[in-house]
Amino acid sequence: MKLIQRNQLLSRPSNQMKRGVFDIVATGVLASSLVFSSAQAKNEKQIKDFSESIEPGYQPIDDDEKGLWMQVNEVERELKNSNFIIDDPALNEYVRSVLCKAVGEAECGEIRLYLLRTPYFNASMAPNGMMQVWSGLLLRVQDEAQLATVLAHEYGHYERRHSLQSFRDIKSKTGSGFFLSFVIPFAGLFMIDSIFSFTRDMEREADSISLDYLVKAGYTPISASEIWQQLRDEQDATAAERKRKSRKDKTGGLFATHPNTGERMETLKAKALAANVPDTATNNVEAFRSAIAPWWPSLIDDQIKLNDFGATDFLLNQLAVGGWSADLLYAKGELHRARGKAGDFEEASNFFQQSIDAGGDYPEIYRGLGLAQMRSGSIEAGQTNLKKYLELAPDAKDKLMISMIAGVAQ
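On a predicted model such as this, the values are computed, not experimentally measured, just so you know.

So, how was this worked out
Residues numbered from 1 in each chain as written. Predicted model: local features only at pLDDT ≥ 70, side-chain atom pairs only at ≥ 80, totals over all residues. Heavy atoms only, no water. Pairing = 2+ DSSP bridges. Helix = DSSP H or I, 4+ residues; strand = E, 2+ residues; numbered from the N terminus. Axes fitted to C-alpha atoms, helices over the stretch in contact; angles between N-to-C directions. Contact = heavy atoms within 4.5 Å. Expected span 1.5 Å × (residues − 1). Buried < 20%, exposed > 50% of the residue type's maximum accessible area, 1.4 Å probe, protein only. Polar contact = N/O pair within 3.5 Å; in protein donor to acceptor, adjacent residues only side chain to side chain.

1. Describing the sheet that holds strand 3 (residues 130–134)
If you walk across this open sheet you meet the three strands as 1-3-2, and the pairing is mixed. The open sheet has two edge strands with one neighbour each: strand 1 (112–116) and strand 2 (123–125). The mean inter-strand angle of the sheet, taken between neighbouring strand axes irrespective of direction, is 15 degrees. Pairing of strand 1 with strand 3, which is carried by five bridges, proceeds in the parallel orientation. Bridge pairing in strand 3 places Leu115 opposite Val133. Of the strands in this sheet, strand 1 and strand 3 touch helix 5 (residues 89–103), which is tilted by about 130 degrees from strand 1. Along the sheet face, helix 8 (residues 144–159) touches strand 2 and strand 3 and points at about 25 degrees away from the line of strand 2.

What follows is the structure, given as structure tokens:
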């Protein structure tokens, strides 16, 4: 649960939290004009030094942008050492290849891509070329065209320098020429996306840019609209499970500064239908599934730990549209076992057995089956399957615990 608890801090802060950040900044600015003057002089020197060390490629155009880049570069250095980084070369190369195909080889060369193991739908773009993609997004997009949509959208923010526009707006409202020196150290790695959030008009512009890139790259443009339909359906599923009203038409959370998802879905759909799409347009679903396959069990495991049965069940059913594989059946069993309500352990046992019958042969299936059987009263059958698990995974991290439950002498 440590991963999930920490991840809760990564979602976009509320407006109240943002105001709290700005209040702290304002208080610091007003506290001492002498401190501010000294800090401002130091910042000007740092900007000058930074401008002499910028790598080739796009160059910041003025001191505002140089200062913004300098501070975000500090955040990027922190990101590189984060435990959330997914350093799988194959997965990183695949996601980068999709970005490059979508926006162009020369354009994507300026982007430094970071995959983070965080089970929420999100991606972000910093003004210095740092792009983050969260693992929860990889679970929710269903094909390469949908992934390309999100990546092209984020690139659109970078291309139009939206972060710089937001920074100048914040700077003018605070009346502080040294805003970032107070904000960034306080904000840290995962608050920066919130502080430099984009306006709704910027989001609409990035949506339009992404659609143009999709068509140019030969992807099916309707994929851009389908993403938002899927997210809205997921919100409905969460609400239904929790017996609450769906918030799909409400702003807040990760999309607090974004246009309404329904508006985005319909606008993108209309533009896609009006686009001149060649017959060769594709969504490359098989390439996407192949690239994600090695990470799929981990993505599902992280999602289940969010304790959102409705959303997870919806995602599994979406993935199973083409048929229930052994992996999906295993995930369905784990989902029911994790919830543990009346009848869930019997349901879990059935799904685990179906997974085995469908060809699933990895150890975790027998672990899940054995634990579910024991919780539903089938002690002997459960212990037999736990022993099978230990045979298949003799070096399992939970070997001692499972041995005790299975009645295996140590």
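2. Details of helix 8
For helix 8, which comprises 16 residues, the first-to-last C-alpha distance of 22 Å matches the rise-based estimate of 22 Å (1.5 Å per residue) to within 8%. Across the 16 residues that make up helix 8, a large majority, 15, are buried. With its phi angle positive at about 55 degrees, Arg161 sits one or two positions after the end of helix 8.

3. A word on the side chain of Glu334
Note on placement: Glu334 falls in helix 18 (residues 326–339). Polar side-chain contacts of Glu334 include one of 3.1 Å to the side chain of Arg337. Look past the residues within four positions of Glu334 in its chain and what remains in contact with it is Ile304, Phe352 and Gly368.

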